[in-house]
Amino acid sequence: MIVALIAACEIGFWVLLAAGLACRYLLRMPRTGLALLLCEPLLEVVLLVATALDLKNGAEPNWTHGLAALYLGYTVGHGHRTVKWLDGHAAHRLGGAPKPLGPPRHGMARARHETKVWLGTLTAAVVATALLQLAIWYVDDPSRVTPLESWRFTAWRIAGIHGLVALAYWIWPKKAPADGRDVAGAGTGKERVGR
């Protein structure tokens, strides 16, 4: 049941996002679009309540409850950034706004960008760990909570691996091309037109 609900929440996330952006930019109804986008956190509340009720009704804690905690953590850590990124592209494609700049591709600017993304993963790990600890206390049976405990380590392994990737950008920053093109990550390949 929990896996199906996670899938439904993920599908619901993309449906609400598409509907919200369509209302904002295609139908020129920005308030309705914003209202739809603000409904997205309700999906996570539904998943959280359903997971708690599943455990309350005597379900054996297993990998699905851990996956739900990781999903909720990811949504808290990266959901806003994802929506903002897609909103910028929708504004460009559908609303006539300028093309949003991509992430920096070189040097310390790229390292800072990767660190910000990693902070989202770190936030996700903290939220997932907190939810898993609450579930462990809620179950209150050390013999039944091993699957939940193992998911805490999974959350921190993911954050650690992502942290190493972000650190690599600081230690070995990618050098910008000698001609100075595409330093800010905004290159489109059109720079050569007319040359």
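All values reported here derive from a predicted model rather than from experimental measurement.

(A) The overall build of the chain, seen in detail. Along its length, the chain carries six helices and zero strands. Counting from the amino terminus, helix and strand elements in the chain follow one another as α-α-α-α-α-α. Its C-alpha atoms give the chain a radius of gyration of 21 Å, more than 25% over the compact-globule value 16 Å for 195 residues. C-alpha atoms of the chain, sized along the principal axes, occupy 70 × 45 × 20 Å. Counting all 195 residues of the chain, 38% fall into the buried class. Considering only intrachain contacts with a sequence separation of at least 6, the fraction spanning at least 24 residues in the chain is 74%. When the accessible surface of the chain is split by element, carbon and sulfur atoms take 68% of a total near 11,900 Å². Computed over 21 positive and 13 negative side-chain charges, the separation of the two mean positions in the chain equals 14 Å.

(B) Spotlight on unusual backbone geometry. Its identity as a non-glycine residue notwithstanding, Arg 28 has a phi of 55 degrees, on the positive side. Inspection of the secondary structure puts Arg 28 in the loop between α1 (2-26) and α2 (30-38). On the accessibility criterion, Arg 28 (55% relative accessible area) is exposed.

(C) Region of interest: a nonpolar patch on the surface. Side chains of Met 108, Leu 164, Leu 167, Trp 170, Ile 171 and Trp 172 sit close together on the surface and give an oily, nonpolar patch of about 650 Å² of accessible area. In terms of residues, the nonpolar patch owes the most to one element, helix α6 (residues 146-171), which gives four residues. Accessibility expressed as a relative area gives 37% for Trp 170, which makes it partly exposed.

(D) The arrangement of the side chain of Thr 129 in detail. Tracing the backbone shows Thr 129 in helix α5 (residues 107-139). Here Ala 125 takes part through its backbone oxygen, which lies 2.7 Å from a polar atom of the side chain of Thr 129. Leaving out residues up to four positions away in the same chain, Thr 129 has contacts with Arg 152 and Trp 156.

(E) Highlighting the nonpolar core. Counting 35 residues, the largest nonpolar core has Leu 17 and Leu 47 as its most contacted members. Taken together, the elements giving at least two residues each to this core come down to α1, α3 (40-56), α4 (63-95), α5 and α6.

(F) Highlighting the side chain of Arg 152. Along the chain, Arg 152 turns up in helix α6. Of the side chains with opposite charge, Glu 149 comes closest to the buried, unpaired Arg 152, at an N-O distance of 4.2 Å. Every residue in contact with Arg 152, bar those within four places of it in the chain, is listed here: Thr 129, Leu 132, Gln 133 and Ile 136.

(G) Fine view of α3. Taking 1.5 Å per residue as the helical rise, α3 with its 17 residues ought to reach 24 Å, and the 25 Å between its terminal C-alpha atoms agrees with that figure. Buried within α3 we find Glu 40, Leu 43, Glu 44, Leu 47, Ala 50, Thr 51, Asp 54 and Leu 55. All buried residues of α3 project into a common sector of 135 degrees when viewed along the axis, lining one side. In this structure, α3 carries Leu 42 and Lys 56 as exposed residues pointing more than 90 degrees from its buried face. Elements in contact with the buried residues of α3: α1, α2, α4 and α5. Once α3 finishes, Gly 58 follows within two positions and takes phi at roughly 95 degrees, a positive value.

(H) Quick peek at the pattern of salt bridges. Tallied over the entire structure, the rule returns three salt bridges. The partner of Glu 114 in a salt bridge is Arg 110, with the nearest N and O atoms 2.8 Å apart. Of this pair, Glu 114 and Arg 110 both sit in helix α5, four residues apart, which is roughly one turn of the helix. Of the two residues, Glu 114 and Arg 110, both sit in the buried class.

(I) Quick look at the confidence of the model for the chain. Per-residue confidence for the chain gives a mean pLDDT of 88, with 92% of residues at or over 70. Overall, residues 186-195 carries pLDDT values under 50, and its contacts beyond four positions in sequence, including any with other chains, amount to seven contacts.

About the thresholds
- Residues numbered from 1 in each chain as written.
- Predicted model: local features only at pLDDT ≥ 70, side-chain atom pairs only at ≥ 80, totals over all residues.
- Heavy atoms only, no water.
- Helix = DSSP H or I, 4+ residues; strand = E, 2+ residues; numbered from the N terminus.
- Rg over C-alpha atoms; globule rule 2.2 N^0.38 Å.
- Buried < 20%, exposed > 50% of the residue type's maximum accessible area, 1.4 Å probe, protein only.
- Contact = heavy atoms within 4.5 Å.
- Areas by Shrake-Rupley, 256 points an atom, 1.4 Å probe, with all protein chains shown as cover.
- Lys, Arg positive; Asp, Glu negative; His and termini not counted.
- Charge placed at Lys NZ, Arg CZ, Asp CG, Glu CD.
- Patch = residues over 30% accessible without salt bridge, like charges linked within 9 Å, V, L, I, M, F, W, Y side chains within 5 Å.
- Salt bridge = Lys/Arg side-chain N within 4 Å of Asp/Glu carboxyl O.
- Polar contact = N/O pair within 3.5 Å; in protein donor to acceptor, adjacent residues only side chain to side chain.
- Core = buried A, V, L, I, M, F, W, Y, C linked by side-chain atoms within 4.5 Å.
- Expected span 1.5 Å × (residues − 1).
- Arc of directions from axis to C-beta.
- pLDDT = per-residue confidence, 0-100.

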